[in-house]
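Here's the letter readout for the chains.
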2 protein chains.
Amino acid sequence: MNNLTKIKIEKPAKEIFEAFVDPEKIGGFWFSSCSERWEQGKTVTLRYEEYNAQGDIKIAELEANKKIVFHWGTNGEGNKVSIFFTELEDHSTSVVIEEEGFSVNHEDQILYLLDNKGGWVYTLTCLKAYLEFAVTTLRASLIKK
Amino acid sequence: MNNLTKIKIEKPAKEIFEAFVDPEKIGGFWFSSCSERWEQGKTVTLRYEEYNAQGDIKIAELEANKKIVFHWGTNGEGNKVSIFFTELEDHSTSVVIEEEGFSVNHEDQILYLLDNKGGWVYTLTCLKAYLEFAVTTLRASLIKK
C-alpha cells in the first residue's frame, strides 16, 4: 500500500525544491540537519538533533525543480519516496509525496503507516509555514508515545 | 481502532481551548466558520467555505481549558472525538486528540483512517502556527484526490 500526500504552497517550484536539497534549509521545517547537498546517486545523512537520531537516505533520482526520488528505511533498500513539484496557473506549486512499500496485514503495520502519514502531513505543513512565513519552529513538536 | 495525535504548543491551555470553542477563532486554523460558541449539550454547525461543505457536531462534554468531547460523522451519533489540554512545566501545553470508532477491515477503511490522521496532524500544526505566530492561511491547502 502507498501513502500519498499533497499540499499547495504559494511559492515557485524552484524555491520548494531547494528547501529539500539545500542542507542549510532542511532545519527550517524537517530534520535538524543534513550532511550535504542532495545529488543523484549520493547517500546523505539526515539528523534529528532533538531525538538524538539519524539515518541515511539514498538519492535515486533528482530532476531540478520537478522531482526527487530517494530510499530510506532500515533494510538498506527501504521504502521508496517520490516527491513531485508542479507549478500551477496561479504561480503556486503542488507538492506531492508518495511513499511506497507498506504492508497493512497487522495492526502494528497500520499504526506504522498512520505514523508515516502524520509525518508527511506535518513536514509539508511546516514546509509551507517556513517558505510562506519564514516560521522555522513548528517542527519537532509532534509528541510520540 | 482509535486515532491518537499529540502536539506541543507554546501557549497556555486556556488560549488553546478558546481557539476551539470561540467561533471567531476557528477560521484561523481549521474550518472557515462555526455557527456559535461551543457549549456542553449544544449541536453546532462547522462550515468549510472553501469546499462548500458543512456538518454538525454534538458537544457531549466541555471542561474549561481541560477537555472537549464531541461526536461527528454521518450516522447521527458518529465517531467520538476527545481533546485534552495539559499544561506542562515549561508553560507550554500538550494537546491530545483521540478519535474513536474506526474499522480497518478493508483498504477503503484504512484510507479513511489515514485521511483522518492527516487531517488531525494538519489541524494541530495549523493551530500551533495560528497561536504562536498569528499565521492564519496554512489551512485548506491539503489537496484531496
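Residues numbered from 1 in each chain as written. Chains lettered and ligands numbered in written order. Predicted model: local features only at pLDDT ≥ 70, side-chain atom pairs only at ≥ 80, totals over all residues. Heavy atoms only, no water.

Enquirer: Lay out unusual backbone geometry in plain terms, naming residues and giving numbers.
Expert: Residue and element names in this part refer to chain A. For Ala134, which is not a glycine, the phi torsion comes out positive at approximately 55°. Here Ala134 is to be found in the segment after helix H2 (107-133). Positioned with a positive phi, Ala140 is a non-glycine residue whose angle comes to about 60°. Of note, Ala140 is situated in the segment after H2. Note on Ala140: relative accessible area 23%, which makes it partly exposed. (Helix = DSSP H or I, 4+ residues; strand = E, 2+ residues; numbered from the N terminus. Buried < 20%, exposed > 50% of the residue type's maximum accessible area, 1.4 Å probe, protein only.)

Enquirer: Give a description of the sheet that holds strand S3 (residues 43-48) of chain A that names residues and reports values.
Expert: Backbone-to-backbone hydrogen bonds join strands into a sheet, with any given pair of strands oriented parallel or antiparallel. All names here are of chain A. In spatial order, the strands read S1-S7-S6-S5-S4-S3-S2; together these seven strands make up an open sheet with antiparallel pairing. Two strands bound the open sheet, and with one partner strand each, they are strand S1 (3-9) and strand S2 (33-34). In the sheet, S1 pairs with strand S7 (residues 93-100) via seven bridges, with the strands oriented antiparallel. In the strand pairing of S7, Thr5 is matched with Ile97. Contacting S1, strand S5 (67-72), strand S6 (79-87) and S7, H2 crosses the sheet at an angle of about 15° to S1. (Pairing = 2+ DSSP bridges. Contact = heavy atoms within 4.5 Å. Axes fitted to C-alpha atoms, helices over the stretch in contact; angles between N-to-C directions.)

Enquirer: Account for the interface of chain B and chain A, with residues named and values stated.
Expert: Opposite the 28 residues of chain B that make contact, chain A presents 28 residues. A buried area of about 2700 Å², summed over both sides, lies between chain B and chain A, and 81% of it is on carbon and sulfur atoms. Contact with chain A buries surface across chain B, with Lys6, Leu114 and Ile143 of chain B losing the most and accounting together for 21% of the total. There are six residue pairs in polar contact (both at pLDDT 80 or more) connecting chain B and chain A. Looking at the side of chain B that touches chain A, the elements that each hand over two or more residues are strand S1 (3-9) and helix H2 (107-133) of chain B. With 14 residues, the single largest contributor to the side of chain B that touches chain A is H2 of chain B. For the side of chain B that touches chain A, the class distribution of residues is 17 nonpolar, five polar and six charged. (Buried area = accessible area lost by both parts, 1.4 Å probe. Polar contact = N/O pair within 3.5 Å; in protein donor to acceptor, adjacent residues only side chain to side chain. Nonpolar A, V, L, I, M, F, W, Y, C, P; charged D, E, K, R; others polar.)

Enquirer: I'd like to hear about the sheet that holds strand S7 (residues 93-100) of chain B, residue by residue, with values.
Expert: Residues and elements named next belong to chain B. In space, the seven strands of this open sheet follow the order S1-S7-S6-S5-S4-S3-S2, with antiparallel pairing throughout. The two strands at the open ends of the sheet, each matched to only one other strand, are S1 and strand S2 (33-34). Relative to strand S6 (residues 79-87), strand S5 (residues 67-72) runs antiparallel, the two sharing six bridges. Counted as the bridge partner of Lys67 is Phe84 from S6. In the packing of H2 onto the sheet, contacts are made with S1, S5, S6 and S7, and the angle to S1 comes to roughly 15°.

Enquirer: Lay out the relation of the copies chain B and chain A in plain terms, naming residues and giving numbers.
Expert: Here chain B sits on chain A after a turn of 180° about the axis and a move of 0.0 Å along it, with an RMSD of 0.0 Å. Considering both components of the superposition, the chain copies are consistent with a two-fold axis. Residue by residue, 100% of the interface of chain B is reproduced at the interface of chain A, so both copies engage with the same surface. (Least-squares fit on C-alpha atoms with pLDDT ≥ 70 in both.)

Enquirer: Describe the packing of helix H1 (residues 13-21) of chain B against H2 of chain B, and please don't skip the residues or the numbers.
Expert: Residue and element names in this part refer to chain B. Put simply, H1 and H2 touch, their axes get as near as 11 Å, and they point 120° apart. With respect to H2, the element H1 is oriented oblique. H2 is crossed by H1, and the crossing has right-handed handedness. For the pair H1 and H2, contact is made by Glu15, Ile16, Ala19 and Phe20 and by Leu127, Tyr130 and Leu131, respectively. For the contact of H1 with H2, the per-class residue count stands at six nonpolar, no polar and one charged. (Parallel < 35°, antiparallel > 145°, perpendicular 65-115°, else oblique. Left-handed = near helix turned anticlockwise from the far one by under 90°.)

Enquirer: Residues and numbers for the packing of aromatic side chains, please.
Expert: Residues and elements named next belong to chain A. This model, assessed by the stated rule, comprises 34 aromatic pairs over all chains. On the basis of an interplanar angle of 50° and a centroid distance of 5.8 Å, the ring pair of Phe102 and Tyr112 is categorised as tilted. You can see Phe102 sitting in the loop between S7 and H2 and its partner Tyr112 sitting in helix H2, a full ten residues away along the chain. The buried category is assigned to Phe102, whose relative accessible area is 7%. (Phe/Tyr/Trp six-rings, centres within 6.5 Å; stacked < 30°, edge-to-face > 60°.)

Enquirer: Just give me the short version of the side chain of Asn79 of chain B, but keep the residues and values in it.
Expert: All names here are of chain B. Summarising the element assignment, Asn79 is placed in strand S6. Engagement of the side chain of Asn79 in a polar contact is seen with the side chain of Glu99, the distance being 2.8 Å. Contacts of Asn79, omitting those with residues within four sequence positions, involve Phe70, His71, Trp72, Glu99, Glu100, Gly101, Phe102 and Tyr112.

Enquirer: Quick rundown of the nonpolar core? Include the residues and the values.
Expert: Counting residues in each nonpolar core, the largest one holds 76 residues, and the members touching the most others are Phe20, Trp38 and Phe70 of chain A together with Phe20, Trp38 and Phe70 of chain B. Apart from the residues lying within four places of it in its own chain, the contact partners of Trp38 of chain A are Phe20, Val21, Ile26, Trp30, Val44, Leu46, Ile57, Ile59, Leu62, Ile68 and Phe70 of chain A. (Core = buried A, V, L, I, M, F, W, Y, C linked by side-chain atoms within 4.5 Å.)

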